[in-house]
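A closer look at the structure
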Amino acid sequence: MTKQFLQTLRVFRTIASSANMESIQNINLENLALKSLPVDESKRPGTRKVSGACFSLVDSTPVESPRLVAKSTDALKLLNISGELNDEGLAKYFSGNKLLPGSVLASHCYCGHQFGYFSGQLGDGTVAYLGDLRNSNDERWEMQLKGIGPTPYSRAGDGRKVLRSSIREFLCSESMHHLGIPTTRAGAVVDSDTLVTRDMFYDGRARREHCALVLRIAPTFLRFGSFEIFKPSDETTGKEGPSVGQTDILIKLLKYTIETFYPEIAEEIPVCGTEQYLKFYKEVCLRTARMVAKWQCVGFCHGVLNTDNMSVLGLTIDYGPFGFLDVYDPDFICNSSDENGRYSYKKQPEICKWNLKKFAEALQDVLPLESSLQVLNEVYDNEFTQTYNAMMRKKIGLANKHDDDEMLIKQLLLTMKETFSDFTNTFRNLNLLDLPGVPDHEASKAKLLETILSCCLSLEDVKQASKPSIAAEQLDAIRALAQQNADLLALFGGEGTLQREIDKLEAFEKLQSLSEEEYTLGVKDKWTTWIEMYVKRLQQLTNEKGDVESLNAQRKEMMNLANPKYILRNYIAQNAIEEAEKGNYLEVQNVLRRLENPWSDTAGFPLYGFHNIMYNSPPPTASMGLRLS
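Residues numbered from 1 in each chain as written. Predicted model: local features only at pLDDT ≥ 70, side-chain atom pairs only at ≥ 80, totals over all residues. Heavy atoms only, no water.

Applying the stated criterion across every chain, the model contains 36 salt bridges. Between aspartate 59 and lysine 43 there is a salt bridge whose closest N-O contact spans 2.8 Å. In this pair, aspartate 59 is assigned in the loop between strand 2 (55-57) and strand 3 (67-71) and lysine 43 in the loop between strand 1 (39-40) and strand 2, connecting sequence segments 16 residues apart. In this structure, glutamate 283 engages arginine 290 in a salt bridge whose closest nitrogen and oxygen atoms are separated by 3.5 Å. Residue glutamate 283 is classed as partly exposed on the basis of its relative accessible area of 22%. Each of Lys146, Glu169, Arg216, Arg223 and Asp318 takes part in one network of salt bridges that share partners. (Salt bridge = Lys/Arg side-chain N within 4 Å of Asp/Glu carboxyl O. Helix = DSSP H or I, 4+ residues; strand = E, 2+ residues; numbered from the N terminus. Buried < 20%, exposed > 50% of the residue type's maximum accessible area, 1.4 Å probe, protein only.)

Here's what the structure looks like:
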């Protein structure tokens, strides 16, 4: 290297270092959470019960050779971090190897009902709070690092997260935000050379994997389980919260939560007490109902809706075994450990309501349970239904409301289910249909039918997808045993699970007698029937308005902003993960760019990855598409 080149390199490094420091200095941490709530300062090593505290101070465990996988510039702006902070600086600060000025690391203590049963103390087993701040827009944001190392709440774990789960959380957090769904954010994901052993499928085939960390961002990460640390001994499990009976801390926690994150309530009702707490609880119910309604409308399944994974701000939080629907299946289960389907796609609204009931029970020392449950029953179902129906009307291009709309939507979903149609692509393609009165209406109707048929599984793929997990002989044996002893049915998952398996078996047997042509004609008939219903409803729309061409354009624009073209399908995330595990992070960045613009055809977007995959397509293992001839 020449002397001049080395001097130039030193200048660039100095400029980059200066920009890093300037950007970091813009982060003025206030640490309000730790100043407002009781903190366990002991830093005693090992897992332990933490009583009388909402947080425990922790130290980070450095990782070897941290390097940035990807960053969300949009999310980092929330922290006053500008684009000048280079990748090396981000990797140091958001691996835990170097602390931000004024940062105090602490892990949060909380409890939770997991799969319906109270589990006692849980807490941040892999996460540390970094601090909170007010940004240049006067918004309060809190930072967390996930994968920080051991905490008092790590239990048998090592406090680490691996690259695959970190990439999934990073991408899905940002995807949900850009889909318009309330969520925590992700600012960056950092890889390292530190290795841990993981048995991903719990089948004895463990392997060494790279540790990774995710920078998580939200106004607060307080959750329903934060308020369950005061719970007395549970009748079923015998477990209790670590701070049972310490109502003074519960009141402090409520005061901090309401004054900081619901200031409008504190202003309207300045005196802490039943009236203020009830107003707060009602708002949590409303936000939760709106959140889960939006999940249902984009086909998102959380997978682990325990009370410790429910935000008090109505945010989507803690991305684990989540999944988006491919073909529409209301019984879709994205979590392989959810054997009974407690957290299936269709059950999410009722489970969120159940969790809100448990949240009410957690507050009953200061808020009468009768009052909170009355509010829950008055507002939750109505808010969910209104939000869901309003979004669904937009998805099918209905600007106004008619009594028959709910039936039209239900029939659409039933047709999608019966024909194994792709959820996202079917909705997206409905905008191919022009309104009655537009010159190309009939041609567009034929085009819509052809395109939707291409979104449906072939007969062979339907047979594969419908294959029962339990043989007919086993089902007969289970039914016989259940008639003798009802408790045995509960072990199987209850009557609902048994009936689902019976229905699946019957449907599978019917498919065996069909030819491809017969099946295709049946699917075509179902969609032809629904499209005719849809056209009749659109005719009402044109009868009520004037300029049909203008109305048609407005309707399509509304639909394009309600029906994403890009979602984080599992195979797309997996493709990016596999590339990242080889050291190629470009595919993660490419996927992020697509997800940041979910409504767009992304014309002109560069393809950085080595895999030119179809980002709006179902899994390549399915031979999607039925032929009309």
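All right, on to the packing of aromatic side chains then. With the rule as written, the count across this model stands at 19 aromatic pairs. Relative to phenylalanine 261, the ring of tyrosine 256 has its centre 5.5 Å away and its plane inclined at 90 degrees; by these criteria the two rings are edge-to-face. According to the relative accessible area criterion, tyrosine 256 is buried, its value standing at 5%. By relative accessible area, which is 10% here, phenylalanine 261 ends up buried. Consider the rings of phenylalanine 280 and phenylalanine 359, whose centres lie 6.1 Å apart with planes at 80 degrees: the pair is edge-to-face. Pair noted here: phenylalanine 280 is in helix 8 (residues 274-298) and phenylalanine 359 is in helix 9 (residues 348-362), with a separation of 79 residues, a long-range link. In this structure phenylalanine 280 comes out as buried when scored by relative accessible area, which is 0%. Aromatic ring contacts, followed pair by pair, group Phe224, Phe227, Tyr262, Phe280, Tyr281 and Phe359 into a single cluster. When the ring centre of phenylalanine 322 is taken as origin, the NZ or CZ atom of arginine 168, which lies over that ring, is 4.1 Å away. Sitting over the face of the ring of phenylalanine 427, lysine 395 holds its NZ or CZ atom 4.5 Å from the ring centroid. (Phe/Tyr/Trp six-rings, centres within 6.5 Å; stacked < 30°, edge-to-face > 60°. Lys NZ or Arg CZ within 6 Å of the ring centre and 35° of its normal.)

Structurally, the position occupied by histidine 113 is in strand 5 (residues 111-114). In terms of polar contacts, histidine 113 uses its side chain to reach the side chain of glutamate 228, at 2.7 Å. Dropping the residues within four chain positions of it, histidine 113 is found in contact with Phe118, Glu228, Lys231, Asp234, Asn306, Thr307, Asp308, Trp354 and Lys358. (Polar contact = N/O pair within 3.5 Å; in protein donor to acceptor, adjacent residues only side chain to side chain. Contact = heavy atoms within 4.5 Å.)

In this section: the environment of leucine 278. Looking at the element boundaries, leucine 278 is found in helix 8. Using a relative accessible area of 24% as the deciding quantity, one classes leucine 278 as partly exposed. Sequence separation between leucine 278 and valine 375 is 97 residues; the distance between their C-alpha atoms is 8.1 Å. Not counting chain neighbours up to four residues away, the residues in contact with leucine 278 comprise Leu367, Ser371, Ser372 and Val375.

In this section: the environment of lysine 49. Examined against the element boundaries, lysine 49 turns out to sit in the loop between strand 1 and strand 2. Exposure remark for lysine 49: the relative accessible area of 56% places this residue in the exposed category. Lysine 49 sits 192 residues away from glycine 241 along the chain, and the two C-alpha atoms are 9.4 Å apart. With near-sequence residues (within four places) excluded, lysine 49 lies in contact with Gln121, Glu240 and Pro242.

Turning our eyes to something else, we now look at the pairing of strand 5. Side-chain positions along a regular strand alternate between the two faces of the sheet. Of the strand pairs in this sheet, strand 5 and strand 6 (residues 117-121) are connected by 3 bridges, and their pairing is antiparallel. By the bridge assignment, glutamine 114 is partnered in strand 6 with tyrosine 117. In sequence, strand 5 turns back onto strand 6 through a hairpin of 2 residues, with phenylalanine 115 there showing a positive phi of about 50 degrees. (Pairing = 2+ DSSP bridges.)

Attention now moves to helix 20 (residues 570-581). Residue pairs spaced three or four apart in an α-helix point in one direction, given the helix's 3.6 residues per turn. If you check helix 20, its first and last C-alpha atoms are 16 Å apart, about what 12 residues at 1.5 Å a residue would give, namely 16 Å. Those residues of helix 20 that fall on the buried side of the exposure criterion are Tyr571, Ile572, Ala573, Asn575, Ala576, Ile577, Glu579 and Ala580. Elements in contact with the buried residues of helix 20: helix 5 (163-178) and helix 21 (586-595). After helix 20 finishes, the residue glycine 583 shows a positive phi value of roughly 100 degrees. (Expected span 1.5 Å × (residues − 1).)

Our next topic: the nonpolar core. Core analysis: the largest hydrophobic core is formed by 138 residues, its most contacted members being Tyr281, Leu430 and Trp527. When residues of this core are assigned to their parent elements, the largest contribution, 13 residues, is made by helix 8. Those residues in contact with leucine 430 that lie beyond four places of it in its chain are Lys395, Ile396, Leu412, Leu448, Ile452, Trp530, Tyr534, Arg555 and Met559. Within the second largest apolar cluster, 30 residues are counted, among which are Leu145, Ile148, Leu213 and Ile217. (Core = buried A, V, L, I, M, F, W, Y, C linked by side-chain atoms within 4.5 Å.)

What follows concerns the pairing of strand 8 (residues 140-146). Burial analysis of strand 8 places 7 of its 7 residues in the buried class, which makes it a mostly covered element. Neither face of strand 8 is open: one carries Arg140, Glu142, Gln144 and Lys146, the other Trp141, Met143 and Leu145, and all of them are buried. From the end of strand 7 (residues 127-134) to the start of strand 8, which pair antiparallel, there are 5 residues, and aspartate 138 there has a positive phi angle of about 65 degrees. Pairing of strand 8 with strand 11 (residues 207-218) involves 5 bridges; the strand directions are antiparallel. Looking at the pairing, glutamine 144 lines up with arginine 216 of strand 11.

Attention now goes to the packing of helix 18 (residues 516-544) against helix 19 (residues 548-560). In a packed pair of helices, the relevant descriptors are the angle between the two axes and the axis-to-axis distance. The interhelical angle for the contact between helix 18 and helix 19, taken along N-to-C directions, is 125 degrees, at an axis separation of 11 Å. Viewed along their axes, helix 18 and helix 19 adopt a mutual orientation that is oblique. The chirality of how helix 18 crosses helix 19 is right-handed. Within the contact between the two elements, helix 18 uses Tyr534, Leu538, Leu541 and Thr542 and helix 19 uses Val548, Leu551, Arg555 and Met559. (Axes fitted to C-alpha atoms, helices over the stretch in contact; angles between N-to-C directions. Parallel < 35°, antiparallel > 145°, perpendicular 65-115°, else oblique. Left-handed = near helix turned anticlockwise from the far one by under 90°.)

In this section: unusual backbone geometry. With phi around 65 degrees, asparagine 80 is a residue other than glycine that occupies positive phi space. Within the secondary structure layout, asparagine 80 lies in the loop between helix 3 (73-76) and helix 4 (87-93). Given a relative accessible area of 17%, asparagine 80 falls into the buried group. Not every positive phi belongs to a glycine, and aspartate 138 is a case in point at roughly 65 degrees.

Below, the discussion takes up the side chain of glutamate 174. For glutamate 174, the location among the structural elements is in helix 5. Side chain to side chain, glutamate 174 and arginine 185 meet in a polar contact 2.8 Å long. When near neighbours in sequence (up to four residues on either side) are disregarded, glutamate 174 contacts Ser72, Ala75, Arg185, Ala186 and Leu592.

Looking now at the packing of helix 8 against helix 10 (residues 369-395). In contact at an axis separation of 8 Å, helix 8 and helix 10 are set at 30 degrees when each is read in the N-to-C sense. Taken as axis vectors, helix 8 and helix 10 run roughly parallel relative to one another. Helix-helix and strand crossings are classified by hand; for helix 8 and helix 10 the assignment is right-handed. Taken together, the residues of the contact of helix 8 with helix 10 break down into 16 nonpolar, 5 polar and 5 charged. (Nonpolar A, V, L, I, M, F, W, Y, C, P; charged D, E, K, R; others polar.)

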